[in-house]
Structures are given as C-alpha cells and as structure tokens.
Amino acid sequence: MSEKPISPLCQRMIEDMMVRNFIEKTRNDYIRHVLALTAFLRRSPDTATPEDLRRFQLHQTQTGVRAPSINASVAGIRFFFTVTLDRPDMARHLTFVREPRKIPAVLNSEEVVHLLEAAPGPKYKAALGVAYGAGLRVSEVVALKISDVDSKRMLLKVEQGKGRKDRLAMLSPQLLELLRDWYRIARPQVWLFPGQDPTNHLTSRQLNRAVHVAAHMAGIRKRVTPHTLRHSFATHLLEQNVDIRVIQTLLGHAKLDTTALYTRVATNTIRAVTSPLDRLAPLPLSRVQSPP
C-alpha cells in the first residue's frame, strides 16, 4: 500500500518548520490544523479569503471546539499564511480565544499516598512518584533515562522539557529509594521507564491510563491526571512556605504568573492569613443596632 503523496504546498510548510527547528509533534500539529482548514474549505488553503477564515473559526466555535484547540489551530494556520505563503495580512483575521483560568485540581497528602499505593505495578508507582516528588510533566517523566538520575548531587536531569529547555529537578531521598527499588526489580537499560518494547520509553497515554486506574482503585473521585500530581507538588511546596521563585525554577516555568496560580489553591497559606476583620474589636450581633 503506497503512502499518500505530499503536496508541494505541504512539503514547503514542512521545510519551513524544519528550518526553524520545530519538533516533530509541533510540525505534525500545524499540518493537521491546515488540513482541517482545507477540509472545511473543500479547496486548497492558499485560496482562502478573510471571510473564509472568519467562517472557519465560527464553525469551530459552533461545533464545540474548546479554546485551547482553537488557539492551537490559530497558531498553525497563522504560520502557514505568514511564513509559507508570505501573506502576513491574513494572520490578523485569525483570532486567539481567551482561555478561562480554572483552579487546578489538587490532591491532599493522604490522597497522594493512596494513589501511589494503588498504582498498577512498581513501574507506574515509581513513575507517579517522580511526577509528584519532582513535579515533572508527564512527557518529562516518561522520557527520563537511567543516566538522568544523579544520586550524588540528588538531582534529576530533564532534557528538552517544555520550550526545548534542559533543566534540573529535585531528587528527594525517598524518591531515590523508590527509583532504586524499581531498578532492582526491572534492571532497565536505557529508559528509566521502558515501554513494552524496551527500546522505547513508556508513552504519556500509558501513564495517563495508569493514573485513572489508580485513582479508581484508591476511591478518589476528583478528576486525576499525571499533571494533577505536578499541581499537588507545587501547591504542597507553597503550603510549606517554600519561596515561589524557587517553585518556579523547579517547575521550569518561564513566567512567575504561571506559578502564582497555585496561590489560589494553597489552602494552608490562605488559612494562615489574618482577616482585617479579626483585627477589629469583637462585634457581637447583640450590640448591632437594628436599622430604623
């Protein structure tokens, strides 16, 4: 069975992204968004008009496409018009959608313990331990190598994390013991958490499924994903009065505003604040005058 040939326009866009050193996932996503526009128009996307783009975004909204997906689509199609077609005037007809900032779901310490204990096997228990104990993203957890564990300096090396940046993450003594237990059981060769084929690492989807299974077995009714453990890591550090800039570095956030989101869910921190009402003299209701 022969592969479907790539059009010259698509090939040019791929080359434009390769020149800019876009990772493969980004290249695939951008092409997918342009193909979605093509399917909507039922003709070549380079023939699109400003009205076509307006109708396409209206179609996305009316069919229930969520804001993050719409914004990803805008980024891909803007690149296509701005770079590949050299028509930057078209980009202004694509509108980014404001995403609501929701409070992230966070587990308490007891729930974290139950979740790790319910993990379906030692590999997943160790992987979820890394997600919580070091605050790593799911893509960073699954891509860890044996050589990334620095037990002498008590650090984890994260290669090419979000934004294609390397960084160092913390390695606590308890997490190190958890990883050593896993190593003694499986003796992984290259990847710390190999997949079914040892030459490849565990996939993000597999770790997501394991979290859902563990949450169900632990009786946790909150919507739990591997990223929930990262949220919990940051929130619990904030409740321990760790400086927010230190947490920003550990999480690999480019902006402090992103880390500051956790101040909205750090309940211990919120409870520790004294209300200005409590600084007033007592105001028993019996002394309050009735309105005339």
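First things first, this report covers the structure right here in the doc.

What counts, and at which threshold
- Residues numbered from 1 in each chain as written.
- Predicted model: local features only at pLDDT ≥ 70, side-chain atom pairs only at ≥ 80, totals over all residues.
- Heavy atoms only, no water.
- Helix = DSSP H or I, 4+ residues; strand = E, 2+ residues; numbered from the N terminus.
- Buried < 20%, exposed > 50% of the residue type's maximum accessible area, 1.4 Å probe, protein only.
- Contact = heavy atoms within 4.5 Å.
- Axes fitted to C-alpha atoms, helices over the stretch in contact; angles between N-to-C directions.
- Parallel < 35°, antiparallel > 145°, perpendicular 65-115°, else oblique.
- Left-handed = near helix turned anticlockwise from the far one by under 90°.
- Nonpolar A, V, L, I, M, F, W, Y, C, P; charged D, E, K, R; others polar.
- Core = buried A, V, L, I, M, F, W, Y, C linked by side-chain atoms within 4.5 Å.
- Polar contact = N/O pair within 3.5 Å; in protein donor to acceptor, adjacent residues only side chain to side chain.
- Phe/Tyr/Trp six-rings, centres within 6.5 Å; stacked < 30°, edge-to-face > 60°.
- Lys NZ or Arg CZ within 6 Å of the ring centre and 35° of its normal.
- Pairing = 2+ DSSP bridges.
- 1 Å grid on protein atoms, 1.4 Å probe; cavity = no way out; pocket = protein on both sides within 12 Å on 5 of 7 lines; lining within 4 Å.
- Points joined across faces, edges and corners; volume = space filled by probe spheres on them.

1. A closer look at the overall build of the protein
Then comes step 1: Of the regular secondary structure elements, the protein holds 14 helices and three strands.
Then comes step 2: Taking all 292 residues of the protein together, 38% fall into the buried category.
Then comes step 3: Contacts in the protein between residues far apart in sequence, at least 24 positions, make up 57% of those at least 6 positions apart.

2. Side note on the packing of helix H11 (residues 226-239) against helix H12 (residues 244-251)
Then comes step 1: In contact at an axis separation of 10 Å, H11 and H12 are set at 160° when each is read in the N-to-C sense. The orientation of H11 with respect to H12, classified from their angle, is roughly antiparallel. Note that H11 runs across H12; the crossing there is right-handed. For the pair H11 and H12, contact is made by Arg230, Phe233, Ala234, Leu237 and Leu238 and by Ile244, Ile247, Leu250 and Leu251, respectively.
Then comes step 2: Among the residues forming the contact of H11 with H12, the class breakdown is eight nonpolar, no polar and one charged.

3. As for the nonpolar core
Then comes step 1: By size, the foremost hydrophobic cluster in this structure holds 37 residues, and its most contacted members are Val130, Leu179 and Phe193.
Then comes step 2: At the level of secondary structure, the elements contributing two or more residues to this core comprise helix H6 (109-117), helix H7 (122-133), helix H8 (138-142), strand S2 (155-158), helix H9 (173-186) and helix H10 (204-217).
Then comes step 3: Residue contributions to this core peak at six residues, all from H7.
Then comes step 4: Once residues within four sequence positions are removed from consideration, Phe193 is found in contact with Lys123, Ala126, Ala127, Val130, Val141, Val142, Leu144, Leu179, Trp182, His201 and Leu202.
Then comes step 5: The next biggest cluster of nonpolar side chains, apart from the first, holds 21 residues, and it includes Met17, Ile31, Leu37 and Leu53.

4. Section: the environment of Arg43
Then comes step 1: Looking at where Arg43 falls in the secondary structure, it is placed in the loop between helix H2 (24-41) and helix H3 (50-62).
Then comes step 2: Non-local contacts of Arg43, meaning those with residues more than four positions away in its chain, are made with Thr38, Ala48, Thr49 and Asp52.
Then comes step 3: Reaching out from Arg43, the side chain makes a polar contact with the side chain of Thr47 at a distance of 2.8 Å.

5. Let's talk about the packing of aromatic side chains
Then comes step 1: Evaluated as defined, the whole model comprises five aromatic pairs.
Then comes step 2: Seen in terms of ring centroids, Phe22 and Tyr30 are 5.9 Å apart; in terms of plane orientation they differ by 90°. Their pairing is edge-to-face.
Then comes step 3: Aromatic pair Phe80 and Phe81: ring centres 5.2 Å apart, planes at 75°, arrangement edge-to-face. The same class applies to Phe80 and to Phe81, which are both buried.
Then comes step 4: Taken together, Phe22, Tyr30 and Phe79 form an aromatic cluster joined through their ring pairs.
Then comes step 5: The residue whose ring lies beneath Lys123 is Tyr124, and the NZ or CZ to ring-centre distance is 5.7 Å.

6. Quick word on the sheet that holds S2
Then comes step 1: If you walk across this open sheet you meet the three strands as S1-S2-S3, and the pairing is antiparallel. Pairing within the sheet leaves two strands with one partner each, and these edge strands are strand S1 (149-150) and strand S3 (167-170).
Then comes step 2: In terms of strand pairing, S2 meets S3 through four bridges, oriented antiparallel. Across the sheet, Lys157 pairs through a bridge with Leu168, a residue of S3.

7. Considering the layout of surface pockets
Then comes step 1: Its boundaries defined by the atoms lining it, the second largest pocket holds a volume of some 480 Å³.
Then comes step 2: Residue assignment for the lining of the second largest pocket shows that the elements contributing at least two residues are H6, H7, H9 and H11.
Then comes step 3: Along the lines of polarity and charge, the residues of the lining of the second largest pocket split into nine nonpolar, seven polar and two charged.

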